[in-house]
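Residue-level structure breakdown
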Amino acid sequence: MANLNHLLPPNWKTKITEWLQEDIPSFDYGGYVVGEEETTAILFGKSEGIVAGVPFFTEIFEQLGCRVEWHVKEGEVLKPIQTCAHVYGPVRQILIGERTALNLIARCSGIASQAHRLTVLKEKNGFKGLVAGTRKTTPGFRLVEKYGMLVGGADTHRMDLSSMIMLKDNHVWSTGSITAAVEKAKAVGGFALKIEVECRSEDEADEAIAAGADIVMLDNFEGDALKVAAANIKQRWAAKGRQVLVECSGGVTEKNIEQYFCDSIDIISLGSMTQGVSFVDFSLKVQKTV
């Protein structure tokens, strides 16, 4: 994948500043002990996974007046125990950034690794659609988690509530009907935003498409019932000259995703890409003074 640094928004570095401030809001007692002597620390990768989060890790230490020299590339497969980077700078500044940097790269790499494993399964089964994450992300950390999805080869799905109009059961119940909800959404979303509707049956999907939805999400369908419903919806509306995307979601995991692969599904989304994902283990070790 091309350099993802160019994808980051203008405010991403202020996030780093906020995270550093959160971790040291007053006195740096440990920093007093070690002082400002120049030193070197080594970032070790200690478990298997995909390396992700390089620009964030680097920016943490650059804001602290340190320099990072990388020996692995973004998206590279980690082979533990592997020397991933050297960090040069005042020992106090390195230790200020240590935990924030390790937390960040461990989680980002964990999500990238999960996304990569899912992508491998997709390719092995010849699935032509998209494997996507969801908006089930950690508040304040979404940018990093969505970035990890991209590094791992998955689709990010919508970034936020402003990216696409998704009408779920609560929207429909609060409005009165799928048709009413879609009509209201179209009135404010205009031509630029796609509309997706969560559906629990083929009848609901038909109502959503008839009202103007671009995507229908078949939520918590299982096994063959999902594949039959998706195929029926596609065929029925293709005969009327309408092309619609079908997404499935709900209960999908790395262990069972292969059951959902079929030609009639365009998107499979998983909250488990970010929720409960295992981290990749890293450590940062300052070199001992002789």
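All values derive from a computational prediction rather than experimental measurement. (Residues numbered from 1 in each chain as written. Predicted model: local features only at pLDDT ≥ 70, side-chain atom pairs only at ≥ 80, totals over all residues. Heavy atoms only, no water.)

Digging into the overall build of the protein
When helices and strands are counted, the protein shows 9 helices and 12 strands. Overall, the C-alpha framework of the protein stretches about 75 × 40 × 30 Å when taken along its three principal axes. Counting all 290 residues of the protein, 49% fall into the buried class. Residue pairs in contact within the protein that sit at least 24 positions apart in sequence constitute 71% of those at least 6 positions apart. (Helix = DSSP H or I, 4+ residues; strand = E, 2+ residues; numbered from the N terminus. Buried < 20%, exposed > 50% of the residue type's maximum accessible area, 1.4 Å probe, protein only. Contact = heavy atoms within 4.5 Å.)

Focus on the nonpolar core
Ranked by internal contacts, the top residues of the largest apolar core, which has 44 residues, are V197, I257, I265 and I268. Of all the elements in the fold, those that place two or more residues in this core are α4 (91–124), β7 (165–167), α7 (178–189), β8 (195–199), α8 (202–211), β9 (215–219), α9 (223–238) and β10 (245–249). Element by element, the count of residues in this core is highest for α9, at 5 residues. Not counting the four nearest positions on each side in its chain, V197 is found in contact with L167, I178, V182, A208, A213, I215, V216 and M217. Counting 40 residues, the second-largest nonpolar core is a separate cluster that includes F61, I94, C108 and V144. (Core = buried A, V, L, I, M, F, W, Y, C linked by side-chain atoms within 4.5 Å.)

Topic: the UniProt feature "domain: Quinolinate phosphoribosyl transferase N-terminal" (unreviewed entry) in the protein
UniProt annotation of "domain: Quinolinate phosphoribosyl transferase N-terminal" (unreviewed entry) refers to residues 35–109 when read in the numbering used here. Regarding residues 35–109, the helix share stands at 39% and the strand share at 33%, and the terminal C-alpha atoms are separated by 31 Å. (UniProt positions renumbered as here; feature names shortened; annotations may be inferred.)

Remarks on the UniProt feature "domain: Quinolinate phosphoribosyl transferase C-terminal" (unreviewed entry) in the protein
What UniProt calls "domain: Quinolinate phosphoribosyl transferase C-terminal" (unreviewed entry) maps, in this numbering, to residues 111–285. When the span residues 111–285 is considered, its composition is 40% helix and 16% strand, and the gap between its end C-alpha atoms is 24 Å.

Details of a nonpolar patch on the surface
A surface patch of nonpolar side chains, amounting to about 490 Å² of accessible area, comprises Y32, V33, V34, L95 and V286. Here the nonpolar patch gets 3 residues from one element, more than from any other, and that element is helix α2 (residues 29–34). The exposure class of V34 is partly exposed, given its relative accessible area of 34%. (Patch = residues over 30% accessible without salt bridge, like charges linked within 9 Å, V, L, I, M, F, W, Y side chains within 5 Å. Areas by Shrake-Rupley, 256 points an atom, 1.4 Å probe, with all protein chains shown as cover. Salt bridge = Lys/Arg side-chain N within 4 Å of Asp/Glu carboxyl O.)

Re the layout of surface pockets
Space inside the largest pocket adds up to approximately 400 Å³. Taken together, 22 residues line the largest pocket, and the ones lying closest to its centre are T134, K136, K168, M217 and S249. Looking at the lining of the largest pocket, the elements that each hand over two or more residues are β9 and β10. Each residue belonging to the lining of the largest pocket can be placed in one class, and the counts come to 5 nonpolar, 10 polar and 7 charged. (1 Å grid on protein atoms, 1.4 Å probe; cavity = no way out; pocket = protein on both sides within 12 Å on 5 of 7 lines; lining within 4 Å. Points joined across faces, edges and corners; volume = space filled by probe spheres on them. Nonpolar A, V, L, I, M, F, W, Y, C, P; charged D, E, K, R; others polar.)

What to know about the sheet that holds strand β1 (residues 38–45)
Pairing within the open sheet is antiparallel, and its 4 strands lie in the order β3-β5-β1-β12. Two strands bound the open sheet, and with one partner strand each, they are β3 (67–70) and β12 (282–286). With strand direction ignored, the average angle separating the axes of adjacent strands in the sheet is 20°. When β1 meets strand β5 (residues 82–90), the two strands line up antiparallel, connected through 8 bridges. For L43, the partnering residue across the bridge sits in β5 and is A85. Across the sheet, helix α3 (residues 54–63) is in contact with β1, β3, β5 and β12; its angle to β3 comes to roughly 150°. (Pairing = 2+ DSSP bridges. Axes fitted to C-alpha atoms, helices over the stretch in contact; angles between N-to-C directions.)

Regarding the sheet that holds β10
Spatially, β6-β11-β10-β9-β8-β7 is the arrangement adopted by the 6 strands of the open sheet, whose pairing is parallel. Only two strands of the sheet have a single neighbouring strand rather than two, namely β6 (130–132) and β7. Within this sheet the neighbouring strands show an average axis-to-axis angle of 20°, counted without direction. Where β6 and strand β11 (residues 267–269) come together, 3 bridges link them in parallel fashion. Its bridge partner lying in β11, L130 is registered against I267. The strands touched by α8 are β8 and β9; relative to β8, the strand with the most contacts, the crossing angle is about 165°.

A short note on the environment of D160
With respect to the secondary-structure elements, D160 resides in the loop between α5 (142–152) and β7. Assessed through its relative accessible area of 30%, D160 is described here as partly exposed. Beyond its immediate sequence surroundings of up to four residues, D160 is in contact with R135 and R142. Here S163 takes part through its side chain, which lies 2.9 Å from a polar atom of the side chain of D160. (Polar contact = N/O pair within 3.5 Å; in protein donor to acceptor, adjacent residues only side chain to side chain.)

So, the environment of T83
By secondary structure assignment, the location of T83 is in strand β5. Residue classification places T83 among the partly exposed residues on the basis of a relative accessible area of 33%. When the C-alpha positions of T83 and R142 are compared, they lie 28 Å apart, and in sequence the two are 59 residues distant. Leave out the neighbours within four places in its chain, and T83 touches I42, L43, F44, H71 and V72.

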